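# Coordinates in review
Each chain, letter by letter, is given below.
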Amino acid sequence: MLKLQHRLPLVIAVVLAFAGIASGGPLQEDLKARRARAMDKLGPDAIAVFWSAPPRVYSNDVNYEYRQESNLLYLTGIDQEDTTLVLMPGNGSKREILFVREADPRREHWQGHTLTPAEAAAASGIETVFTANLFEPFMAGVLSGQRTPGLSQPDEAKAFFDALGQGRATLALLLEPQRNLSDDPGPARQFAAKMRDRFLGLQVKDATPVLAELRQIKTPYEQAVLRQSVVISTEAHKAGMRAAAPGKWEYQVEAAIEQVYLSNGAMSWGYPSIVGSGPNATILHYEKSSRQMQNGDLLLVDAAANYEALTGDITRTYPVNGHFTQAQRDIYQIVFAAQEAGIKAANIGAQPDDVQKACDDVLRAGMVKLGLVTDPAGRQFKIWATHGVTHWIGMDVHDVGVRGKPLAAGMAFTIEPGIYIREQALNDLEKTPENAAFIEKVRPLVARYKDIGVRIEDSFLLLQTGVENLSAGLPRTVEDVERFLSESKGSK
């Protein structure tokens, strides 16, 4: 879903905002705790290496504004190119070593200040910081079982050296997925192959599941930041609702939303805003924002801010003239009831599939009642309800997690049922007698509800006391939506 962000500050401007405080503050303590948990899971025989994301070309000699690799950002808080983190869980004291790019006056004239090792240490809470040119000799020394810069004490890396000598040593990397053997190996796999060829007996391990499991449970610090991120997004949605009106353009609503992000310290969106009116509300990832809204349109807005590297995910659907038609209300009420059922199912120990089933049961029954579906038990309703209803949120809007793990306190996720009535969906059905009979029966209902797209999505945090709707401040019921729109139009 995501594109590289287009409103991130240049290279490192967000670092100090993300760090926000001097070394030893709440963020740095949380980063230290995250690294400690990662090292506990990796084990003393491992050495782990995490690289920063490469720059990406937008056009010709112009790059996208920089977005750090999420796992490195999670562990260090450093949003700067040419950054590498090495973790050595078995070390006595220097278990965390950070490498940052060397100063370059010419580059800094064009791109801005580069963090010095001292500044990177203060921002990340990592005491041992070297310049990037020392990374390769450092790794060569460690994997050769020799002293190396930063590990000058004979027993500093003894546990790893012992594991290396006994063939138990593990190199942990974030390995890019390979779907088939013909895929080109990514940089991490190329590095792994090079290290295995050079240092016999070295095992390679994918660290991705370790980071996915850690990131799935938000720390108290992350929970506080995520709450603030969603508060900003909630206020942004309200600004968009105030801006929407017949005759206005979708991009005017998008501009009103993103202005709130910037004015509240969220220096980018968490994902490209979806602002779709009329038939565009039935396009799941519509990003053009180029249509003029008409009287009687529904407007579907899916948008959220990236605040201090955490993002929620919120969708609201509302009539641009302030009043739902009966047909729009019919669909909206089904989606709302489905979300309510999903919220009730989101309990500690439940599975995400339980939330999906709770929503699906309501969606199916509601569409059968309207006549849009003729099968009361199967998956026919998926013609109109085309996507899953929940995903993790966090550093990425579709955040990482462990598949099949029961819901637990600290997990953050969405619940987002939707119905999209697209006449084209009937034309796309397989040509069978059964489908022909179905089409003939539902076509009059499709004509009634044609081009109505409704999604209701909120961001949730699961606590020991139950599920918390982080975006509860945004109108959600038909009555509350119409009341807000009436009051906001009347206040102009």
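Here the structure is a predicted model, which is why all the values come from computation and not from measurement. (Residues numbered from 1 in each chain as written. Predicted model: local features only at pLDDT ≥ 70, side-chain atom pairs only at ≥ 80, totals over all residues. Heavy atoms only, no water.)

Moving on, we get to the overall build of the chain. Scanning the chain from terminus to terminus reveals 16 helices and 19 strands. In terms of overall dimensions, the chain has C-alpha extents of about 80 × 50 × 50 Å along its principal axes. Here the contacts in the chain between residues at least 6 apart in sequence split such that 72% fall between residues at least 24 apart. (Helix = DSSP H or I, 4+ residues; strand = E, 2+ residues; numbered from the N terminus. Contact = heavy atoms within 4.5 Å.)

Summarising the model, the chain shows a mean pLDDT of 92, and 93% of its residues fall at 70 or more. In the predicted structure, residues 1-23 sits below a pLDDT of 50 and forms 75 contacts with residues beyond four places in sequence or in another chain. (pLDDT = per-residue confidence, 0-100.)

The next thing to look at is the side chain of aspartate 458. Tracing the sequence through the fold places aspartate 458 in strand E18 (residues 458-463). What makes aspartate 458 buried here is its relative accessible area of 0%. Only 2.8 Å separates the side chain of aspartate 458 from the side chain of arginine 316, close enough to count as a polar contact. Side-chain polar atoms of aspartate 458 contact the side chain of serine 471, separated by 2.7 Å. (Buried < 20%, exposed > 50% of the residue type's maximum accessible area, 1.4 Å probe, protein only. Polar contact = N/O pair within 3.5 Å; in protein donor to acceptor, adjacent residues only side chain to side chain.)

Quick look at the sheet that holds strand E11 (residues 298-303) now. The strand order across the open sheet built from three strands is E10-E11-E14, with neighbouring strands paired in antiparallel fashion. The open sheet has two edge strands, strand E10 (274-277) and strand E14 (314-319), and neither has a second partner. If you compare each strand with its neighbour and ignore which way they point, the axes differ by 10° on average. When E11 meets E14, the two strands line up antiparallel, connected through six bridges. Across the sheet, leucine 300 pairs through a bridge with threonine 317, a residue of E14. (Pairing = 2+ DSSP bridges. Axes fitted to C-alpha atoms, helices over the stretch in contact; angles between N-to-C directions.)

Along the chain, glutamate 254 turns up in helix H11 (residues 250-263). Classification of glutamate 254 as buried rests on a relative accessible area of 19%. Each residue touching glutamate 254, except ones within four places of it in the same chain, is listed here: Ser273, Val275 and Ser289.

Our focus in this paragraph is the sheet that holds strand E12 (residues 305-307). Spatial strand order, E9-E12-E13: three strands in an open sheet with antiparallel pairing. At either end of the open sheet lies a strand with only one pairing partner, and these are strand E9 (268-269) and strand E13 (310-311). Where E12 meets E13, two bridges bridge the pair, whose relative direction is antiparallel. Bridged to asparagine 306 within E13 is threonine 311. The strands that helix H10 (residues 220-243) touches are E12 and E13; relative to E12, the one it contacts most, it runs at about 145°.

In terms of nonpolar packing, the biggest core is built from 109 residues, with Phe50 and Trp384 touching the most fellow members. Looking at this core element by element, the count peaks at ten residues for helix H12 (residues 326-345). Those residues within four positions of tryptophan 384 in sequence are excluded, and the remaining contacts are Met367, Leu372, Val373, Gly418, Ile419, Tyr420, Ile421, Arg422, Ala425, Leu426 and Val446. (Core = buried A, V, L, I, M, F, W, Y, C linked by side-chain atoms within 4.5 Å.)

The next point concerns helix H8 (residues 187-198). Compared with the 16 Å implied by 1.5 Å per residue over twelve residues, the 17 Å span of H8 between its first and last C-alpha is a close match. For H8, the full list of buried residues reads Ala188, Phe191, Ala192 and Met195. Buried residues along H8 cover an arc of 100° about the axis, so they all sit on one side. Buried positions along H8 lie against strand E1 (46-51), helix H6 (135-143), strand E7 (170-173) and strand E8 (203-206). (Expected span 1.5 Å × (residues − 1). Arc of directions from axis to C-beta.)

Along the polypeptide, aspartate 330 turns up in helix H12. With 119 residues separating them along the chain, aspartate 330 and tyrosine 449 place their C-alpha atoms 9.1 Å apart. Every residue in contact with aspartate 330, bar those within four places of it in the chain, is listed here: Leu370, Arg448 and Tyr449. At 2.8 Å, the side chain of aspartate 330 and the side chain of tyrosine 449 are in polar contact.

What follows deals with helix H13 (residues 352-370). Side chains three or four residues apart in an α-helix point the same way, a direct result of the helix having 3.6 residues per turn. Between its first and last C-alpha, H13 extends 27 Å over 19 residues, near the 27 Å set by a 1.5 Å rise per residue. Those residues of H13 lying buried are Val355, Gln356, Ala358, Cys359, Asp360, Leu363, Arg364, Gly366 and Met367. In this structure, the buried side of H13 is in contact with H12, strand E15 (412-415) and strand E16 (418-420). Immediately downstream of H13, the backbone of glycine 371 shows phi near 95°, a positive value.

Time to look at the pattern of salt bridges. When their charged atoms lie close together, side chains carrying opposite charge are able to pair. Tallied over the entire structure, the rule returns 26 salt bridges. In this structure, glutamate 468 engages arginine 227 in a salt bridge whose closest nitrogen and oxygen atoms are separated by 2.9 Å. Residue glutamate 468 is found in strand E19 (residues 466-469), and its partner arginine 227 is found in helix H10; the two are separated by 241 residues along the sequence. When its relative accessible area of 24% is taken as the criterion, glutamate 468 is described as partly exposed. (Salt bridge = Lys/Arg side-chain N within 4 Å of Asp/Glu carboxyl O.)

Under the definition given, this model contains eleven aromatic pairs. A ring pair is formed by tyrosine 58 and tyrosine 64, whose centres lie 5.3 Å apart and whose planes are at 80°; its orientation type is edge-to-face. Note on phenylalanine 99 and phenylalanine 135: the rings are 5.5 Å apart at their centroids and 80° apart in plane angle, and the pair reads as edge-to-face. Of this pair, phenylalanine 99 sits in strand E5 (residues 96-100) while phenylalanine 135 sits in helix H6, and the two are 36 residues apart along the sequence. (Phe/Tyr/Trp six-rings, centres within 6.5 Å; stacked < 30°, edge-to-face > 60°.)

Phi angles above zero are rare outside glycine, and aspartate 82 is one such case at about 55°. By secondary structure assignment, the location of aspartate 82 is in the loop between helix H3 (70-76) and strand E4 (84-87). Classification of aspartate 82 as partly exposed rests on a relative accessible area of 40%.

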